Amino acid sequence: MTEIFGIPTQALFGQLLIGLINGSFYALLSLGLAVIFGLLNIINFTHGAQYMLGAFCAYLLLNKLGVGYWWSLAAAPLIVGALGVAIERLMLKQLYKLDHLYGLLLTFGLALIIQGVFRNEYGSSGQPYPIPQELTGSRNLGFMFLPIYRAWVIVVSLVVCLGTWFVIEKTKLGAYLRAATENPQLVQAFGINVPLMITLTYGFGVALAAFAGVMAAPIYQVSPQMGSDLIIVVFAVVVIGGMGSIMGSILTGFGLGVIEGLTKVFYPEASNTVIFIIMVLVLLVRPAGLFGAQK
Amino acid sequence: MRHQKIAFVLMVAFFALAPLVLYPVFLMKVMCFALFACAFNLLIGFGGLLSFGHAMFLGTAGYATAHAAKVWGFPTELAILFGTFCSFLLGIVTGALAIRRQGIYFAMITLALAQMLFFFYLQAPFTGGEDGIQAVPRGRLFGLLDLGNIWNMYLTVALVFLGGFLLVFRIIYSPFGHVLQAIRENEPRAISLGYNTTMYKFLAYVISATLAGLAGATKAIVFQLASLTDVHWTMSGEVVLITLLGGMGTVFGPVVGALVIITMENYLAQLGAWVTVVQGAIFVLCVLTFRRGIVGEIANLIRKPL
């Protein structure tokens, strides 16, 4: 068996792959957080719960209605995104004139409610979700076996992340969005419906989280807690990257996933904490984050 | 001031008479959480800084106290002092880091730091992992007072709580407290007046951390237990909830909030995960309709600060 630094290549590439998978979810979630924060100035604490809702949505569609993975991939983000729109219209909307901290507290409360309800219904144990037929199996790459579903997750996450980046940075719609982030009153004065834009942006960010949840369902078990620890890591990712830049969120997400995977190979004891340690180091050296601008 | 004196007398009378009808252990829990929330409130209510990781101070002091009392055989008062000191040090380190970012980032950083410590305590050998440190000896206070006696324990906790409460009260109405509130209201203005606002916020953070540590250290002795529950993010959320419901930025709010929330959890304990749902619902209701909190509403009604 070949080895690199005394580590079997199979183990090394295996962990790298897991790192890339985790990184995909970090990127998708921190991207959603950044988009929401940009326009709403709210840190969406419900993001983890909405990711979990996405996974449960797919699980319920499959087990109650017999709707498979591919339809869920489209339906779950729509359903959870619609729920997000309702949350924005009914609750978040009332908080824009107040201190930003209230948004954090409200979304934290919503996360507790959603997670509590699902824990009552499904307990703490995870529910299995099968990998779709078309994506089962794995391919021998010579140096490692690559499960096809995992490759799919990485590729799709990259496509969705880059697509979001393209829309926000390169299209007219994105230009409106960026302008509204800078100065909502002025954009409103030019005849653009800013409140509608805010609602849809929140819905889109939430839908991204749900989309990540559906993709995560076959990899991790579908459980009520799947989002709550993840969201704290994603917060650290956001602090490291800074929320100013879309591309920054994507790069930081994937990069930190890979670093975490490598830590599992070389020093497994620290694999839980490595992202937080990096956060501390970044705060010491570049307080505004790697891609952020200090406001 | 007169109203606050009356409220203070009422509060002391409550904690003096309540053990006649309510379980003393329950009341001691309320006092520990009230002190924890008072410490937290100093930071959010008067400094405008939302820490979402305050459990790390409660839990760290708990572990340090339990370890010192059980393994090293420290006398109780030294064990509590040691635990509080550990939280003080942790406050300095995490404060120096978190204070580098403002507002919403501050909340995320404190939450992430607390989560890092949670994983550390989960793996560290001295914490007993999932079991925690159990059967911590209560010992004798100053070698005299046997804390195994529930009334001696109650008196000690009551004195610690009242001492901490009065300290927070004193700080709020000190020149330092006034500058802190000025920073909360308008930081650029405070800077232009020549105040080193970062230093003020840092000091408030360290004081808050130390007092939260005192609460955790006392709690570990009362329940003879230090466990992961006290460092988990749900505990950080709970202290936010207590303060929000009682009234952020009021003196007595955290105490009322602790009484209400701990009572509620006692009665709803058999409902399992519904407790989380109720807590979440209180968060949402408070933020949407009841931002002053219980004491804040009363204070608004009588038009006097409480």
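Reading the values: the criteria
- For every chain, the first residue of its written sequence is number 1, and the numbers climb from 1 along that sequence.
- Starting at A for chains and at 1 for ligands, labels are handed out in the order in which the entities are written.
- For a predicted model such as this one, the threshold for reporting local features is a pLDDT of at least 70, and the threshold for listing and counting side-chain atom pairs is 80 or more; totals across whole chains, interfaces and linings nevertheless cover every residue.
- A residue's pLDDT is simply how confident the predictor is in it, with values from 0 to 100.
- A run of DSSP states H or I qualifies as a helix once it reaches four residues; a run of E qualifies as a strand once it reaches two. Both are numbered from the N-terminal end.
- Once C-beta atoms are placed from the backbone, each residue is buried if 20 or more other C-beta atoms lie within 10 Å of its own, exposed if 12 or fewer, and partly exposed for counts between those two.
- Contacts here follow a simple rule: the backbone-placed C-beta atoms of the two residues must lie within 7 Å.
- Here the term charged refers only to Asp, Glu, Lys and Arg, the term nonpolar to Ala, Val, Leu, Ile, Met, Phe, Trp, Tyr, Cys and Pro, and the term polar to all other amino acids, Gly among them.
- To estimate how far a helix should extend, the number of its residues minus one is multiplied by 1.5 Å.
- Orientation is described by lines fitted to C-alpha atoms, with helices fitted over the stretch in contact, and by angles between N-to-C directions that extend from 0 to 180 degrees.
- When describing relative orientation, an angle under 35 degrees is termed roughly parallel and one over 145 degrees roughly antiparallel, while 65 to 115 degrees is termed roughly perpendicular and anything else oblique.
- For any pair of crossing helices, the crossing counts as left-handed if the nearer helix is rotated counterclockwise from the farther one by less than a right angle, and right-handed if it is rotated clockwise.

Overall, the prediction assigns chain B a mean pLDDT of 92, with 100% of residues at 70 or greater. In the predicted assembly, ipTM is 0.90 and pTM is 0.91.

Residues other than glycine seldom take positive phi values, yet Asn 41 of chain A does so here, at roughly 60°. With respect to the helices and strands, Asn 41 of chain A occurs in the loop between α1 (9-40) and α2 (47-65). For Asn 41 of chain A, a count of 15 C-beta atoms within 10 Å gives the class partly exposed. Here the phi dihedral of Ala 135 of chain B falls at roughly 50°; this positive angle occurs in a residue that is not glycine. Considering the arrangement of structural elements, one finds Ala 135 of chain B in the loop between α5 (103-123) and β1 (140-141).

Another aspect to go through is the interface of chain A and chain B. Taken residue by residue, the interface counts 32 residues in chain A and 34 residues in chain B. For the side of chain A that touches chain B, the elements supplying multiple residues, two or more each, are α4 (100-122), α9 (228-241) and α11 (274-285) of chain A. The biggest single contributor to the side of chain A that touches chain B is α4 of chain A, with 16 residues. Of the residues contributing to the side of chain A that touches chain B, the split by class is 22 nonpolar, eight polar and two charged.

Here helix α6 (residues 150-172) of chain B contains 23 residues, and its C-alpha end-to-end distance of 33 Å stays within 8% of the 33 Å for a straight helix at 1.5 Å per residue. Residues of α6 of chain B that are buried sit in contact with α2 (24-47), β1, α7 (175-185) and α9 (197-223) of chain B.

What follows concerns the packing of α9 of chain A against α11 of chain A. Residue and element names in this part refer to chain A. Where α9 contacts α11, the two axes come as close as 9 Å, and the packing angle between them is 25°. Regarding the angle of α9 to α11, the classification is roughly parallel. Our pair here, α9 against α11, has a crossing hand that is left-handed. Across the interface between the two elements, Val 233, Ala 236, Val 237, Val 239 and Ile 240 from α9 touch Ile 275, Phe 276, Ile 278, Met 279 and Val 282 from α11. Its residues placed into classes, the contact of α9 with α11 shows 10 nonpolar, no polar and no charged.

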